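Single-letter residue listing:
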Amino acid sequence: MGNCISIINLIVMRRLSKAFIIIQIIFVLIFVGIITGMSIAKPARKCSENLVYKERIGTAVVITGAAARIVQESALLENLHKNGWFSNVCFISGTSSGALNTVLLNAILENKISWERYNSILFNLNNDSIFIRKGRSLPVNNMPFQILLAHVVNDSLGYINVGDLPYNSSISISTVDLLPPFSTTYRLSNIKINNESNPGFNLVETLLASTAIPILFPAARFSESFGLPNSSYVDGGVAEDHIPYEAVLQFEKYRGFGVDTLIIVSRKSDSKGGISNEIKDFGNNDSRAFDKLSSWIDNLAMNGFIKSMKELQQKYPELASHTYVFIPGFQENFALLDFTNMQKQYDVTAAWAKLHKPVPLNQFLNEYALETKQ
C-alpha cells in the first residue's frame, strides 16, 4: 500500500513539474512577445487635427501611383520644373510609380540627371523591361524591373539608402492585408517625420515594395526592417495613401510650420469599370483575388481621386487652401499595365501641360462637380 502511494506521489510530482515548466515557457513567450511588440515601429496615426500655422514656407510635391502611366506624371513634373514651380521644394511624397518619380525628381533637382536622360530611360521601356510572364499566371516575375532599378538608382544616381535622397522625401508602402481596415500604411522618410521612418532603409527594396501592385506583382521584403514588422509589403496606394498627402501633414508637424504650396500631381484617371477590365485582361480571372483588389481599383478610379481630395478639403481646410491639382484631361486613353507606348503618352501629356496650369483644389472640385452634373 505504501509503495502504491509513493508511486502515485511520484507521478503527481512529475506532472506538476511538467506543468510548472510549461507555465514558465508560456510566461517567457508572452514576455518576449510583449518586448518584440514594443520594438516594432508602429505607424503614426493619421493627423486628426487641422493645424493652423502662422508661418508657411516651401513647396511640397505629392505624386500618385500610375504604373505604366508613370511617364504622364514625369511629363507634368518636367513642365512644372521648367515653369518655376519647384524653385523652393521642401518635401516630396510619392507612392507606387509616384515613388519612382519621387526619387528621380530628387536626382533632377540635385542635377544628377537631366529630364532628357530620364525621358530616354522611360521611352525605351517595354513590358519585357518590367516583368516576365509565364502564361497568365500571377504574380509576374519582376526580376527585369529589379535589375533596372538597381542600375538606375544605385549605379547611375548613387542612391543606396532612403537617407541618400537630398530632399526631404517620403515613400508609402502597405502591408499585404489588402482590405484597408486590416492593411497598414507606412510612410518611410529620410527624416524622422514618424515612428517608422529611418534613413537606413534600402532604397531599391523600398521602391519594390511601393510599386508591388497586389496580386499582379510579388510583394517585397526588407533585408533590414529597422523595427517594421517582419512581413511582406505592397503598393502604398492599397490602403490610405492613394494620394500620399498624409506625409506632408506629418512633415509640417515635425518641423513646426506649414508648407506654402502643395502640388498634387497625378496621371489621367479611369472609370472603375475600365481598370477592372484591364486587370482581367492582364490575367486575373480569380473572382476572390479580384475582390481583394477592389479597394485598390476604387482608389485608382477618378471617383477615388475625388473622394481623397474631398477628404483633404474637409478634414484639413488650412492645407487644402494652399493645395493645387495637376491632372491631365486629354481624350486619349492609355493602358495602365502596358509599357510599350511611353513616348506617345509623354507627347500627349506634354502637349496638354503646355496649355494648362495647376488648379487650386477648391476650384478643381467645384469644376468637377459642375462637369458631372451636365
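Residues numbered from 1 in each chain as written. Predicted model: local features only at pLDDT ≥ 70, side-chain atom pairs only at ≥ 80, totals over all residues. Heavy atoms only, no water.

1. A short note on the overall build of the protein chain
Move 1: Across its full length, the protein chain holds 14 helices and eight strands.
Move 2: Counting all 374 residues of the protein chain, 51% fall into the buried class.
Move 3: Of the contacts formed within the protein chain by residues at least 6 apart in sequence, a portion of 78% connects residues at least 24 apart.
Move 4: As displayed, the protein chain offers around 17700 Å² of accessible surface, 55% of which is attributable to carbon and sulfur atoms. (Helix = DSSP H or I, 4+ residues; strand = E, 2+ residues; numbered from the N terminus. Buried < 20%, exposed > 50% of the residue type's maximum accessible area, 1.4 Å probe, protein only. Contact = heavy atoms within 4.5 Å. Areas by Shrake-Rupley, 256 points an atom, 1.4 Å probe, with all protein chains shown as cover.)

2. Some words on the pairing of strand 1 (residues 59-63)
Remark: a regular strand shows side chains that alternate across the two faces of the sheet.
Move 1: Within strand 1, five of the five residues are buried, which leaves the element mostly enclosed by the surrounding structure.
Move 2: Neither face of strand 1 is open: one carries T59, V61 and I63, the other A60 and V62, and all of them are buried.
Move 3: Pairing geometry for strand 1 and strand 2 (residues 89-95), over five bridges, is parallel. Among the inter-strand pairings, I63 is bridged to a residue of strand 2, identified as G94.
Move 4: The parallel pair strand 1 and strand 2, bridged by helix 2 (residues 70-82), forms a crossover whose chirality is right-handed. (Pairing = 2+ DSSP bridges. Right-handed = clockwise from strand over helix to strand, strands pointing away.)

3. Quick word on the pattern of salt bridges
Move 1: Applying the stated criterion across every chain yields a total of seven salt bridges.
Move 2: Between R56 and E318 there is a salt bridge, and its shortest N-O distance comes to 3.3 Å. Of this pair, R56 sits in the loop between helix 1 (2-39) and strand 1 while E318 sits in helix 12 (residues 317-320), and the two are 262 residues apart along the sequence.
Move 3: Residues joined in a network through salt bridges with shared partners are R56, E252 and E318. (Salt bridge = Lys/Arg side-chain N within 4 Å of Asp/Glu carboxyl O.)

4. Considerations on unusual backbone geometry
Move 1: With an omega of 0°, the peptide bond between L138 and P139 qualifies as cis.
Move 2: For P139, the location among the structural elements is in the loop between helix 5 (127-130) and helix 6 (143-156).
Move 3: Even without a glycine there, the phi angle at S96 is positive, about 60°.
Move 4: Among the secondary structure elements, S96 is positioned in the loop between strand 2 and helix 3 (97-109).
Move 5: Of note, the phi angle at N111 is positive, near 65°, even though the residue is not glycine.

5. As for the pairing of strand 7 (residues 323-326)
Move 1: As paired elements, strand 6 (residues 261-265) and strand 7 share four bridges and run parallel to each other. Counted as the bridge partner of L262 is T323 from strand 7.
Move 2: The pairing of strand 7 with strand 8 (residues 359-360) spans two bridges and is antiparallel. Note on strand 8: the bridge partner recorded for V325 is V359.

6. Some points on the packing of helix 11 (residues 302-315) against helix 14 (residues 361-373)
Move 1: With their axes 11 Å apart at the nearest point, helix 11 and helix 14 run at an angle of 135° to one another. Here helix 11 is positioned oblique relative to helix 14, judged by the angle of their axes. In this structure, helix 11 meets helix 14 at a crossing whose hand is left-handed. Contacts between helix 11 and helix 14 involve M302, N303, F305, I306, M309, K310, L312 and Q313 from the first element and L361, N362, F364, L365 and Y368 from the second.
Move 2: Across the contact of helix 11 with helix 14, the residue classes tally to nine nonpolar, three polar and one charged. (Axes fitted to C-alpha atoms, helices over the stretch in contact; angles between N-to-C directions. Parallel < 35°, antiparallel > 145°, perpendicular 65-115°, else oblique. Left-handed = near helix turned anticlockwise from the far one by under 90°. Nonpolar A, V, L, I, M, F, W, Y, C, P; charged D, E, K, R; others polar.)

7. Considerations on the packing of aromatic side chains
Move 1: For the structure shown, the criterion picks out 13 aromatic pairs.
Move 2: In textbook terms, an aromatic cluster arises when at least three aromatic residues are bridged by ring pairs, as seen for Y186, F201, F222, F226 and Y233. (Phe/Tyr/Trp six-rings, centres within 6.5 Å; stacked < 30°, edge-to-face > 60°.)

8. Focus on the environment of H81
Move 1: Structurally, H81 can be placed in helix 2.
Move 2: The class of H81 is partly exposed, set by a relative accessible area of 28%.
Move 3: As a C-alpha pair, H81 and L109 span 28 residues in sequence and 8.7 Å in three-dimensional space.
Move 4: Dropping the residues within four chain positions of it, H81 is found in contact with F86, I108, L109 and W115.

9. Considerations on helix 7 (residues 203-210)
Move 1: Within helix 7, eight of the eight residues are buried, which leaves the element mostly enclosed by the surrounding structure.
Move 2: The set of residues buried in helix 7 consists of L203, V204, E205, T206, L207, L208, A209 and S210.
Move 3: Buried positions along helix 7 lie against strand 2, helix 3, helix 6, strand 3 (169-175), strand 4 (185-189) and strand 5 (233-235).

10. Thoughts on helix 2
Move 1: An ideal rise of 1.5 Å per residue puts 18 Å on 13 residues; helix 2 measures up with 18 Å between its terminal C-alpha atoms.
Move 2: The buried fraction of helix 2 is high, at eleven of 13 residues.
Move 3: Along helix 2, the residues that are buried comprise I70, V71, Q72, E73, S74, A75, L76, L77, E78, N79 and L80.
Move 4: Looking at the buried side of helix 2, the elements it contacts are strand 1, helix 3, helix 4 (115-123), strand 6, strand 7 and helix 13 (342-354).
Move 5: Directly after helix 2, the chain includes G84, whose backbone phi takes a positive value near 85°. (Expected span 1.5 Å × (residues − 1).)

11. Section: the environment of W85
Move 1: Secondary-structure assignment places W85 in the loop between helix 2 and strand 2.
Move 2: Classification of W85 by relative accessible area gives partly exposed; the value is 25%.
Move 3: Separated by 273 residues in the primary sequence, W85 and P358 have C-alpha atoms spaced 9.7 Å apart.
Move 4: Setting aside its immediate chain neighbours within four residues, W85 contacts T59, L80, I263, Y324 and P358.

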